[in-house]
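Structural overview for review
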Amino acid sequence: MQGTLSVWLAKRGLVHRSLGFDYQGIETLQIKPEDWHSIAVILYVYGYNYLRSQCAYDVAPGGLLASVYHLTRIEYSVNQAEEVCIKVFTHRSNPRIPSVFWVWKSTDFQERESYDMLGITYDSHPRLKRILMPESWIGWPLRKDYIAPNFYEIQDAY
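Since the structure is predicted, the reported quantities are computational estimates derived from the model, not experimental observations.

**Topic: the pairing of strand β5 (residues 82–91)**
Note that strand β2 (residues 27–30) and β5 share four bridges and pair parallel. Of the residues in β5, the one forming a bridge with T28 is C85. Bridge analysis of strand β4 (residues 64–73) against β5 gives 10 bridges, and the strand direction is antiparallel. Bridge assignment links L71 to a residue of β5, and that residue is V84.

**Things to note about the pattern of salt bridges**
Taken as a whole and assessed by the stated rule, the structure comprises seven salt bridges. Between D108 and R127 there is a salt bridge, with the nearest N and O atoms lying 2.8 Å from each other. Linking D108 in helix α3 (residues 108–118) with R127 in the segment after β7 (121–123), this pair joins segments that are 19 residues apart in sequence. Residue class for D108 comes out buried when judged on its relative accessible area of 9%. Residues participating in the shared-partner salt-bridge network are D58, R92 and D145.

**A word on helix α2 (residues 33–46)**
Compared with an ideal rise of 1.5 Å per residue, which puts 14 residues at 20 Å, α2 spans 20 Å between its outermost C-alpha atoms and is within 8% of the ideal. Along α2, the largest kink reaches about 25 degrees and is centred on I39. Of the positions making up α2, those classed as buried are P33, W36, I39, A40 and L43. Looking at the buried positions of α2, the neighbouring elements they touch are α1 (4–11), β4, β5 and β6 (96–98). One or two steps after α2, the chain reaches G47, where phi turns positive at roughly 125 degrees.

**Things to note about the sheet that holds β4**
Pairing is mixed across the open sheet formed by five strands, whose spatial order is β1-β2-β5-β4-β3. Since the sheet does not close on itself, it has two edges, and those belong to β1 (17–21) and β3 (50–58), each with one partner. Taking each pair of neighbouring strands and ignoring which way they run, the sheet shows an average axis angle of 20 degrees. Of the strands in this sheet, β4 and β5 are in contact with α2, which crosses β5 at around 165 degrees. Its contacts with the sheet put α3 on β3 and β4, and the angle it makes with β3 is roughly 5 degrees.

Quick notes on the rules
The numbering scheme is per chain: residues are counted from 1 as the chain's sequence reads. Given that this is a predicted model, residues contribute local features only at a pLDDT of at least 70 and side-chain atom pairs are listed and counted only at 80 or more, while totals for whole chains, interfaces and linings are drawn from all residues. Only hydrogens and water are set aside; all other atoms, that is, all heavy atoms of the structure, feed into the side-chain values. A pair of strands is labelled paired if DSSP reports no fewer than 2 bridges between them. Here a helix means four or more residues in a row that DSSP labels H or I, a strand means two or more in a row labelled E, and each is numbered from the N terminus. Just to be clear on terms, a salt bridge is a Lys or Arg side-chain nitrogen sitting within 4 Å of an Asp or Glu carboxyl oxygen. Think of it in three bands: with a 1.4 Å probe and only protein chains considered, a residue is buried below 20% of the maximum accessible area for its type, exposed above 50%, and partly exposed in between. Each helix should span, by expectation, one fewer than its residue count multiplied by 1.5 Å. Bend, at a single residue, is the angle you get between axes fitted to the 7 residues ending at that residue and the 7 residues starting at it. A contact between two residues is defined here by any heavy atoms of the two lying within 4.5 Å. To define axes, lines are fitted to C-alpha atoms, for helices over the stretch in contact only, and angles between the resulting N-to-C directions are given on a 0 to 180 degree scale.

Written as structure tokens, this is what we have:
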């Protein structure tokens, strides 16, 4: 079953895949990485001008990585806001997704965290570097195939 946004995108020939609705009734769409930036701009112009959150996850060990965007469209009233969830999947061998920093500035730290924890490179992000882990850290801690190092630093708490 397609939602209203999926129907709207299909009428305009924009490539996407409907993933149905989540438990709250929010429409979920899958967009290819190569189409994501142009569709993000179209969604912003269409009224989805609020990025509620961006996160990423490892779908399966050795499988795909996903970057998830929760967008909100507030047209007439805050009580009647439209929401949509966008999922962009990428291969873990070369995980690259266009950054939407220039569309929604609020994605700055969120894309950096996804890069830091899962190694997804967000092309054209102005400050893509580690935000939680030290710059010298090797690997991507939230990947399901991550092997934790055999050492732990003991830091002085004072």
